[in-house]
Every structure is written in structure tokens, then in C-alpha cells.
Amino acid sequence: MKLESGNYILVSKEGGIEVQKNGKRLYFNKRPMFVTVKTAFAVNEFYDQAYAEITAVGDKIVAEGTIIVPTGSEFFFSDVYEAVNSGFKVSRNVKVLKAGDDLGFSTKISLTIAESDDVHDYHCFAPGVWYKQNEFAPDYATGKDLDNEYFWRMETNYALPLFAMQHIASGEAAALSRWAADVTMQSSDIVRSENNTDPKCTIGAIGMSKPENKTLNYLYYGFGVRKALEIEIDGLSIDYVYPGCDGQMPRKSHYEGLDYSQKTKRFQRINHPVEVGFEQNYAVGIQFGHYGSFQSMMREIWRDTYSRLRDKLFEVDNKLHFHNCMNILTKYTRQYGDSYGLPFSCQLPNMDISSVSFQFGFVGQQPGIGYQLLRYGDKEGVPEAFEKGVNVIDFWVRTAMTDSGLPQMCYNPNISGFEPYPHYIRMLADGIEPILDAFLYMRGKGDLRPSWMEFCKRTADWLVEVQNEDGSYYRAYNTDSSIRMDSKANTPSVIRFLIQFYLVSGDERYKAAAIHAGEWSFDCNYRNMEYRGGTCDNSDIQDKEAGIYALFGFLALYDLTGEDKWLEGAVGAADYTETWTYAWSFPVRTLWPKHPFNHYSISGQSIITIGGGADVYMAACSYTYYRLYVITGDEHYLDFAEFIHKNTRQSSDVDGSVGYVMPGLGHESGNFTTQTLQSHYHWLPWCTYVEVDPSSRLYDTFGGYEIADAQKLSKEERVKKNRIYEIFVRGVQ
């Protein structure tokens, strides 16, 4: 009996299964029925067995059998295999027939990889969690220590419930994914421990393993307890475990005073009860393919899973939401002594101001908000917004420049001066671009602001002067231009500003600097996937925002030159960056009566860093992904652009029904992987800015606040309007 999907054939063999390509065995499982039991000693032992009976039922393969473990517990397995468009689907039913002296159980669908059993021979992909060999991940991340036996994570940690492995030398890849976004709420009246039982948990774990034939259980302080088992281990496998677990994770903290010197780790398991009649029902998708690169594998497998699991579009009036957001920015921008700006943070739901400090970019986005206010106030006839926007830009231009030409980053009106804060190259880009935008907008009104232009010029000159010979920039500098942080991965951040200032000034030095930075970024960020350090308040680890700024930089180079190389870089950065977005959804509860997640889903939120929480920053990219669609004609980018233009709003009180003090407000970030939201429950200026900025640019470029509005234009009109640099006029008087 066999099933076929493209070049891959799944066959049943001696009670097991095998996947072949061109007559060669690539993947197999000799004993597909696998159960882990939580014994009366509260440790986990595992057992596996071949199917007792395999039959063909129409175009499906049905495989069944019973495992009896030493305590007497009996588990009946019924697995149904079928070929689908993108690979294979396995639907599993497990029923407890007899309960012995066991406290819980879990089961596993897995495939052993025939090519190699050395984990170092593989690149892995788990959206927002694992890229290649996680060389740019923090030490506590899964996959960082490749000498472990188990690499399993709860699938709620993944932007899509997906894990893929690619053999580096051959290019062959296999992926497992949850078949449907049908997770239900786990028990909320118990606390998860090292090894608890929850009959309501429907979350799985996905990853890989190469276990010894021994148990592995870590006590609460990290000591591993092991017991030999009479079981055969065939090698390295890709696995779906149900219910899920987080296994073998490094501990962030260690207990002191123990007579134990090994690295302490943790293995948190969830079990289902061993009760007669209890059933498990779950399904997974299996995909196979041969790819010439990690990037191409990541792109295709992500897109295939996305097309199956992507959440429905959120219903939101983006025009109304834009105006609500601008009302927020107008209200909370004010004069503080001799300065103008917005509070650093306000507690929800009533916007209780908890801190006042202004950041040039990143979480503060003060000049960016200033530009949006003056633009909005002028276009909509709101003098208060216009005046406040002009005052914000004036404040930074008047106050922030240093002798070196590098603007200050963080102003505190309580001390009437700047806080000691690194000059992050990414934050510099955030703040300087909108000052140039504001200058151009005012010039278009016939109102020249030479001091604004001079501020931008001094910054551009500084960027030319400090650029490294290889084209890169360091992550952060001191005020005197000395190096503060020597990573170079944030180099793409300033490319777009350099290009736009070149277009305004006509000075070839800025164009040369932008292209030189692009060359470094193409080789290191794109080709090596060195997207790290983009979030200024995190260490120099892999994250989403480094990908965002690489996308911005490469697309700006393509807009300038039309060269295919830069479009390739932009597409590569876009494909990477979108994999950090929760495209699927699962139930989440909050601890507050007034919160959008009590009404809406978490889809559209995006993972911040490897090992981090999730926020709404992907909202900043909807306009850019739409522009990429117009350039490439790739319908997936259109779909994704609309998805993040709508679903990111689900963390906001879009219509006032949540009960926040103003409609449009949203929380900064949180972690909901446990299905209980953990959050500071506060608002920072960037939360509103990243929803306003792409909407205003979409309107200015394509004439509407919805992507559907832009789609009403003819293809020729969209292409013409997408040439955005035609508005930059060389030669400044």
C-alpha cells in the first residue's frame, strides 16, 4: 500500500511506514505507535510498537494497534494517512482501553531521518523560534545547544505551528505542522509544573529528538533523573508530541549551593489522564521537498502552511481607526517646559501617565509622530495637531544635535536634558527620516525650514564620515562617534534615509554610502540571515525588527536603482520577516476586564525576538508589503499586506467597545504562549505610530486607507503611483 505526493511516496512496511524518493528511503518509522507515560513515580517512560494491522480504505491507509505498557495501561491507536496537495495528512485517534498505575500519558507522530542522525547536519525552521542553527539566538533558546537529546517546544510559541528540518548537504527537507487551528482553552484552574496532567490541553509540541534509550526527567532544581529502558532508538527524528511539552530547555537561572556542577536544564511536560475511555484526536500535515537554500525552504513551507491556517481577516474600518489614532497623538502631545512630546508610557485602560521621556525613535518615535501630526493637521484642518507637530520637529532640531553630527537619542524634560543613552543606529534612522519628511512636506507648502534641512544634512554627513570600509555601521555609538556596540547587523537601518537625502540634495556621496551599506547588508543580513539586534532594548540577538529594516533598506535601493539584486534582497528580507507573525490563532484569556483579547484574537501579533513576547510592530509593514506586491505581482504579498493591515488592530480598542479611555488605544506587548496573557498592560507612543504611519503612506500613495481601495486602481495606475521617489526633487534652495 502506498500514497503519492509529487516525487515522494509513503508506503507501509512491516507494521511501519517509510517515505521514498526515486526508490531511496529518506524517512521512516518502524514503530509508529508511541506513548510516553507519567508513572506513579511522576517520571516519564516511553514505549513504541509497530502497527498490528494496516489496510487500504479507498485512497487512504488506515493503521491500527494497541500498546500495553508494563504497568498494564493499554492504549489503542488508529492512524489514517492520506495524500494532500502539499504532502500528506495523518489523523490520529488514541483511546485508553485500560488504566494501570500511571498518572498521565502523551503520544507522538514522528519520522526518523535516514540521511544522517547528526543534528549538526541540519538547518531547522520554526517560525519566530528557530532559524538555521540558531547561531544568533540567546543562550537560553531552544536549538542553541545542539548537544541536547530533545528539541521540542509548545506550538503556541510558533508564529505558525510548524517545524522543518533541512539536510544541509542534500537540500532535502521535511516539515511537520498542526493540521488545523483548532486549539481549545486548557485548564485555567491549575498551574503548569515540571510534569502536570491536564485533560483539557489540546496544544501539541513540534521539534526534533535523538534520545538515548533512557528516561529523562529534570527535578525542579535541574538535576536529571535517568532510567534505562528496553527500547530501540533508530536515530534522529522530526516529531509532533501531543499534548505538548517544552523539552530540554536551558535554565535562565541556577540554584546555588548544590553539589551539582552540570548545566541545569528543564523539561516541562503536559500529560493527558490515563482514564478508561479518554481519547486523543489530532492531525498533522507532513511536507517534503528539495530546496537549493534554507531561504527557499523557509519561504515555501511557511507559505503552504500559511495558506491552510491563516486566520480570517479582522473586520475594521481603517479610515476611522486612523483618525482615532491621530486623535490620541494629538491629545497626548503637549509642551513640557521648553520641550514638546508625548509621555514615554501610560497605563491602560485610562492612560494613567507613568513616565515622561522622549525617544528619538524606537518605542518613543517622537519626530515620526511630529511629522504625522503636522501632515494630519494640515490635510484635515486640525490646527492643534499641526502646531504640535511643528513644535515637536522644532524641538528636536533645536536641541538634539551634537558637535559630532550625531543627534541625541533620549530627552527627559524633568532634567531639561538628555539621558545617558546609546546612539543606536536603528533609532537614529527612526528619527531622522521623518524630520526629512517634515521638511519636504513644509517645502511643498512653500514654507522652507532651513534648520530642519541642516539638521538632516549634518546627520547624513556624519553617516558618510563614520561608515566602515566594508560599508557597515556599528549597532550603537557614543556621542563623540566612538563605538558603543560593535555588531554591524543594523547597517540596513540607515540606507533609506541616505537614499532619500541623496534625492533631495543631489550629493552623490550619500548615494554611494547607501549602496556601500547595501552591499554589506546583502551579503550578511540577506545571504547569511544575520537579522539581529533590531530591538534597542534587547541584546544583539535574532529578531523581527532587524528583518523589517533590512526590507526597508533593500526596497529603497531597488526604488532608486531598479536593480534586480536589491529586489532579491527585499524579497528575502520580507520572506524572513513575515514568519514572525502569528498568522494562526488560539484562545487566550486576560487578567483584565478591559482588554481587546477578551473580544478579538491574537492573530496579527508578531514575535519580538527569539525567546521574547509578541507585539503589534508588524503593523508598520503593511504599506511596504503592498508595495512589494505591486512590484512583483506576487499575490501572497497582497494577502499578507491586507492581513497585517487588519489583524494587527486586534490588540486595539478599535471602536470604543473595549472600554479604554479613547478608541484606538492598544497595549504595547505581551506573552500569550501559555494561553494566559502576561503584559505590562501599558501604551507606548510607538504602538499608535506604527498603525498611523503605513495608513498615511498608503493614502498618500494610492489614495485610500484600505488596501482594497488601492486594489480598485488599474494595474497601470498602481505601478505609476508606486514610483514614490518621484516626489523627491533634487536641488534644495
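For the structure, see preceding data.
Worth saying up front: this structure is predicted, and the values here are computed from it rather than measured.

Visitor: How should I be thinking about the overall build of the chain in this particular structure?
Guide: The number of helices and strands found in the chain is 15 helices and 38 strands. Since a compact globule built from 733 residues should have a radius of gyration of about 27 Å, the 27 Å found for the chain is in line with a globular shape. In the chain, which comprises 733 residues, the proportion classed as buried is 64%. Summarising the internal contacts of the chain: among those between residues at least 6 apart in sequence, 70% fall at separations of at least 24. By element, 46% of the accessible surface of the chain is carried by carbon and sulfur atoms, the whole surface being about 26,400 Å². Averaged over its 71 positive side-chain charges, the chain has a centre that lies 2 Å from the centre of its 94 negative ones.

Visitor: When you look at the sheet that holds strand 24 (residues 279-290) in this model, what are you seeing that I'm missing?
Guide: Strand order in the open sheet formed by nine strands is 7-8-9-10-24-16-15-12-13, with antiparallel pairing between adjacent strands. Where the open sheet ends on each side, the last strands, each with one partner, are strand 7 (53-57) and strand 13 (130-132). If you compare each strand with its neighbour and ignore which way they point, the axes differ by 20° on average. As judged from the eleven bridges shared by strand 9 (residues 74-84) and strand 10 (residues 87-98), these two strands associate in the antiparallel manner. Across the sheet, the residue bridging to Glu82 is Lys89, located in strand 10. Docked against the sheet, helix 1 (residues 294-309) engages strand 12 (122-126), strand 13, strand 15 (162-167), strand 16 (172-178) and strand 24, running at close to 155° with respect to strand 15.

Visitor: Looking at this structure, how should I read helix 6 (residues 450-466)?
Guide: A turn of α-helix holds 3.6 residues, and therefore any two residues three or four places apart point the same way. Between its first and last C-alpha atoms helix 6 spans 24 Å; for 17 residues at 1.5 Å apiece the expected length is 24 Å, and the two agree. For helix 6, the set of buried residues is Trp452, Met453, Phe455, Cys456, Thr459, Ala460, Asp461, Trp462, Leu463 and Val466. In this structure, the buried side of helix 6 is in contact with helix 3 (366-380), helix 4 (383-399), helix 5 (425-444), strand 33 (476-477), helix 7 (495-505) and helix 8 (508-526).

Visitor: Could you clarify how one ought to interpret the environment of Glu315 in this entry?
Guide: The topology assignment puts Glu315 in the loop between helix 1 and helix 2 (318-332). The spacing of Glu315 and Gln408 is 93 residues in sequence and 41 Å in space, taken between C-alpha atoms.

Visitor: Just to check I follow, could you spell out the sheet that holds strand 36 (residues 614-615) for this structure?
Guide: The strands that make up a sheet are held in pairs by hydrogen bonds between backbone atoms, and each pair lies either parallel or antiparallel. Read from one edge to the other, the open sheet built from three strands follows the order 35-36-37, with strand pairing classed as antiparallel. The open sheet has two edge strands, strand 35 (606-607) and strand 37 (669-670), and neither has a second partner. Here strand 36 pairs with strand 37 via two bridges, running antiparallel. When the sheet's bridge partners are listed, Asp615 is paired in strand 37 with Ser669.

Visitor: Can you help me understand the pairing of strand 3 (residues 16-21) in this one?
Guide: Every regular strand shows the same layout, with side chains that alternate between the two sheet faces. For strand 3, the buried fraction is high: five of the six residues fall into the buried class. Pairing between strand 2 (residues 8-13) and strand 3: six bridges, direction antiparallel. Counted as the bridge partner of Leu10 is Val19 from strand 3. Hairpin connection from strand 2 to strand 3: two residues lie between these consecutive antiparallel strands, with Glu14 at a positive phi of about 50°. For strand 3 and strand 4 (residues 24-29), the ladder comprises five bridges, and the chain directions are antiparallel. Within strand 4, the residue paired with Glu18 across the bridge is Phe28. Hairpin geometry of strand 3 and strand 4 is characterised by an intervening segment of two residues between the two adjacent antiparallel strands and by a positive phi of about 55° at Asn22.

Visitor: Just to check I follow, could you spell out helix 5 for this structure?
Guide: The end-to-end C-alpha distance of helix 5, which contains 20 residues, comes to 29 Å, matching closely the 28 Å that a straight helix rising 1.5 Å per residue would cover. Counting buried positions over the 20 residues of helix 5 gives 19, a clear majority of the element. Just downstream of helix 5, Gly446 is the residue with a positive phi angle, here 85°.

Visitor: For this particular structure, what's the right way to read a nonpolar patch on the surface?
Guide: Where nonpolar side chains cluster on the molecular surface, the patch consists of Leu219, Tyr220 and Phe223 and spans about 280 Å² of accessible area. As for its position among the elements, Leu219 is in the loop between strand 19 (217-218) and strand 20 (224-225).

Conventions adopted
Residues numbered from 1 in each chain as written. Predicted model: local features only at pLDDT ≥ 70, side-chain atom pairs only at ≥ 80, totals over all residues. Heavy atoms only, no water. Helix = DSSP H or I, 4+ residues; strand = E, 2+ residues; numbered from the N terminus. Rg over C-alpha atoms; globule rule 2.2 N^0.38 Å. Buried < 20%, exposed > 50% of the residue type's maximum accessible area, 1.4 Å probe, protein only. Contact = heavy atoms within 4.5 Å. Areas by Shrake-Rupley, 256 points an atom, 1.4 Å probe, with all protein chains shown as cover. Lys, Arg positive; Asp, Glu negative; His and termini not counted. Charge placed at Lys NZ, Arg CZ, Asp CG, Glu CD. Pairing = 2+ DSSP bridges. Axes fitted to C-alpha atoms, helices over the stretch in contact; angles between N-to-C directions. Expected span 1.5 Å × (residues − 1). Patch = residues over 30% accessible without salt bridge, like charges linked within 9 Å, V, L, I, M, F, W, Y side chains within 5 Å. Salt bridge = Lys/Arg side-chain N within 4 Å of Asp/Glu carboxyl O.

By themselves, these observations are geometric and do not establish any function.
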